[in-house]
Every structure is written in structure tokens, then in C-alpha cells.
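What the coordinates show
For reference, the chains in residue letters:
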Amino acid sequence: MLRLLPAREAGPLLSALVVVLCASAIPARAQTMPDESGGFYLGLSFPVGRFGATMQKAVDNTAPNTLVPEPRRGRVFRDEVTGNWLSYGLGLNAGYRLPVSGDGYYLDGEVGVGWNGGTLEAQFAGVGVSAERKQLGESWPDTWTVEKPMRYMATVRVGGGPGVLRARNLSVYLMAGVGFTDVRLRTDYNGCFSPEPCAPGEFESGTENLDFDFSGWISGIGMERRVGERLAVRIEARYLSYAREDWVTPFADVGVTVDSNIDSHETGLTLSVIRRF
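The rules we used
- Residue positions are given per chain, counted from 1 along the sequence in the order it is written.
- Whole-chain, interface and lining totals are the exception, using all residues; otherwise, since this is a predicted model, local features are given only for residues with pLDDT of at least 70 and side-chain atom pairs are given and counted only at 80 or more.
- Side-chain metrics in this entry use all non-hydrogen atoms of the structure; hydrogen atoms and water are not considered.
- Per-residue confidence from the predictor is reported as pLDDT, a score between 0 and 100.
- Two residues qualify as a contact provided that any one of their heavy atoms is within 4.5 Å of a heavy atom in the partner residue.
- For Phe, Tyr and Trp, rings pair up if their centres lie within 6.5 Å, where Trp contributes its six-membered ring, and each pair is then called stacked (planes under 30 degrees apart), edge-to-face (over 60) or tilted (otherwise).
- Secondary structure counts use DSSP, requiring at least four H or I residues in a row for a helix and at least two E residues in a row for a strand, with both numbered from the N terminus.
- Here's how the labels work: a residue is buried when its accessible area is under 20% of the maximum for its type, exposed when over 50%, partly exposed in between, all with a 1.4 Å probe on protein chains only.
- Charges are assigned to positions over rings by a cutoff of 6 Å between ring centre and Lys NZ or Arg CZ, combined with an angular limit of 35 degrees from the ring normal.
- When DSSP finds at least two bridges between two strands, those strands are taken to pair.
- By definition, a salt bridge exists where a carboxyl oxygen of Asp or Glu is found within 4 Å of a side-chain nitrogen of Lys or Arg.
- When two cysteine sulfur atoms lie within 2.5 Å, the pair is treated as a disulfide.
- Here a polar contact is recorded for every N or O atom pair within 3.5 Å, except that within protein the pair must consist of a potential hydrogen donor and a potential acceptor, and residues adjacent in sequence are included only if both atoms are side-chain atoms.

Another point: the confidence of the model for the protein chain. Should pLDDT be low for a region, the predicted coordinates there are not to be read in detail. Chain-level pLDDT for the protein chain is 86 on average; 87% of the residues reach the 70-or-more range. Predicted confidence for residues 1–35 stays below pLDDT 50, and this span has 49 contacts to residues more than four positions away or in other chains.

On to the packing of aromatic side chains, then. Summed over the entire model, instances satisfying the criterion amount to ten aromatic pairs. Relative to tryptophan 85, the ring of phenylalanine 51 lies with its centre 4.8 Å away and its plane at 45°, an arrangement referred to as tilted. With phenylalanine 51 in strand β1 (residues 39–60) and tryptophan 85 in strand β2 (residues 76–99), the pair connects residues that are 34 residues apart, well separated along the chain. The two residues phenylalanine 51 and tryptophan 85 agree in class, both being buried. Judged by centre distance (6.1 Å) and plane angle (45°), the ring pair of phenylalanine 212 and phenylalanine 214 falls under tilted. For the pair shown, phenylalanine 212 and phenylalanine 214 are each scored as buried. Ring pairs connect the aromatic residues Phe51, Trp85, Phe212, Phe214, Tyr242 and Trp247, which therefore count as one cluster. In this arrangement the basic side chain of lysine 57 is found over the ring face of phenylalanine 124, its NZ or CZ atom lying 4.7 Å from the centre.

Now for the pairing of strand β7 (residues 170–191). A regular strand carries its side chains on alternate faces of the sheet. Note: strand β5 (residues 143–147) against β7, five bridges, orientation antiparallel. Counted as the bridge partner of threonine 143 is aspartate 188 from β7. The sheet contact formed by strand β6 (residues 150–160) and β7 spans ten bridges and is antiparallel. Residue pairing in the sheet places glycine 159 in a bridge with tyrosine 173 of β7. With 22 bridges connecting them, β7 and strand β8 (residues 204–226) associate as antiparallel partners. When the bridges of β8 are listed, glycine 191 appears paired with glutamate 204.

Residue proline 71 is reached from glutamate 70 by a cis peptide bond, and omega for that bond is 5°. Along the chain, the position of proline 71 falls in the loop between β1 and β2. Unusually for a residue other than glycine, arginine 133 sits at a positive phi of about 55°. Along the polypeptide, arginine 133 turns up in the loop between β4 (120–123) and β5.

Glancing now at the pattern of salt bridges. This structure, assessed with the given rule, holds eleven salt bridges. With a closest N to O distance of 3.2 Å, arginine 157 and glutamate 236 form a salt bridge. Pair noted here: arginine 157 is in strand β6 and glutamate 236 is in strand β9 (residues 231–242), with a separation of 79 residues, a long-range link. Accessibility expressed as a relative area gives 1% for glutamate 236, which makes it buried. Within the structure, one salt-bridge network assembled from shared partners comprises Glu110, Arg157, Arg234, Glu236 and Arg238.

The next subject is the state of the cysteines. Evaluation of the coordinates by the stated rule reveals one disulfide. A disulfide bridge connects cysteine 192 with cysteine 198, and the sulfur atoms are separated by 2.0 Å. Taking the sign of the S-S torsion, about 60° here, the bridge from cysteine 192 to cysteine 198 comes out right-handed. What makes cysteine 198 buried here is its relative accessible area of 13%.

Another aspect to go through is the environment of valine 127. Of note, valine 127 is situated in the loop between β4 and β5. Exposure remark for valine 127: the relative accessible area of 27% places this residue in the partly exposed category. Between the C-alpha atom of valine 127 and that of alanine 58, which follows or precedes it by 69 residues, the distance is 9.8 Å. The contacts of valine 127, once residues within four sequence positions are left out, are Phe77, Arg78, Asp79, Arg133, Glu138 and Ser139.

Mapped onto the fold, asparagine 93 is located in strand β2. Judged by relative accessible area, asparagine 93 falls into the buried class, the value being 8%. Side-chain polar atoms of asparagine 93 contact the side chain of serine 45, separated by 3.4 Å.

Following this line, the structure appears as C-alpha cells:
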């Protein structure tokens, strides 16, 4: 399921993006601006994209001491669900530009911190032999949500603007780096913890909360345009692939083990305003 950005939250962000787009549309001057000598810069960024995650779980009833009765005893029930959401946010960046030639080529090193909005929601279908898939030892149809309120990045950009690009104060670049994200995973469950079959009114409900530190690799391309001697706007497309997270939840009292993992990635566009010093 996808939760769209509420209108009251989208207004300020869209206004900021319009300002950046208008700035990037300013016609080039008849004469190009002075060559940049590099140096320190600060930036404000507005990322918009799609965060996708796939969660898998395997409910293992093969332990010799399991209390799961037949026909579920000795079986492993596997389930999988994928969710996506529209992610958005605000970021602060600091970097340093090093010119590598007199033709406008450069190397940028940058670090950034950002705040993310939006929540991913999805639900397992449930796997088992009962009609509700909620008996002991089955994969229950849990609902889970993911939030990633903070992100941290370190990137390198290699680019330049020779020829006609330089004449219009434009440059293009490739980027690569690493990203780190705080992730909050909440699972809401409803099922039977007893070896004896539960009636619909006997199922127990609860919530499990987990915190993760996702890390991954960033790659992307972008374009930058100077609109003043020290001011520039950038637009870039980026892809961030996070490492898979695995964890195990044992239920020793009934001899059941649940192996889970989450695999995620993010794609999107980022508009930035850069001020050089």
C-alpha cells in the first residue's frame, strides 16, 4: 500500500521546488561567468523518490521439541510481501570542490544529513493450512510499517562542463557514495500461541518494534547550473541500494522459530541549491 503525501505537508515542499526550478530556468548570460576556483560550499536539498522494501519470513516448525501439532508439525511456512511509498524530505549538505583542470573539470567531496517523511505500509497474505492462517506454527497475515526519519550520506562527484556546456554555465557529473538511514520497523500481529486450535475470538494481538541502521551504496548522475558567481542549482537522479537485514525471533516455549529479513532500495530525484564561499 502507498501512503501519499498530505496536501498540508506538500505545500511548503512544492513551493521550494518551484523556486529551484524557476532559478534553473534563468537564461544564460551572453558572457559566461568567471571560472570557479573551487573551495567550500553549503547546500539545501529537496529529495523526492520512491522507497521500496521486500520483507520475507519463514516460520520453522521442524524443531524436535516443537509443540505445533499435525499437520503443521515439521513444516516451514514461507511468506513474502513487497511495499512502496513516496518518500520526500529536506537535507543539508556541506562539501568541497577541487578543480582538476583548466577546462572546467572538477572533483567534489560532500557529506549530508536529511530528514525523511512518509510511511510504508504492507501486509503479509499469510501461509498455512487453516482458513485464517493464524494458528500456531503458521505464517500469520501480519501488518508491518517502515519509517526512516533520518539519513546520512557521503558522496563524491566527478564532472565538468567543456564546450557548449561551459558556455551556458552548465556542467554534468557522475556521483557515487555511501548512505546510512535510521529505520523503524513495526509489526502488528494477531494469531494463536496455543497448541490447541484457537477460535476467532481467542487470537492474541500484539506489536513488535525493531530499530535498524541501514547502510548502502549510492550511484547517480546530475547536472549543475551556475546562476551567479557563487550560487548554483543542481538536479540529479540517484539510486541507493541498502544491504539486507536479517534477524531471528525464537519462541522457545512452543518450539517455533521465525527467520525474517528485509531488502530495500530507493530511487529518486534531488533538487539542490548550492552556495559557494
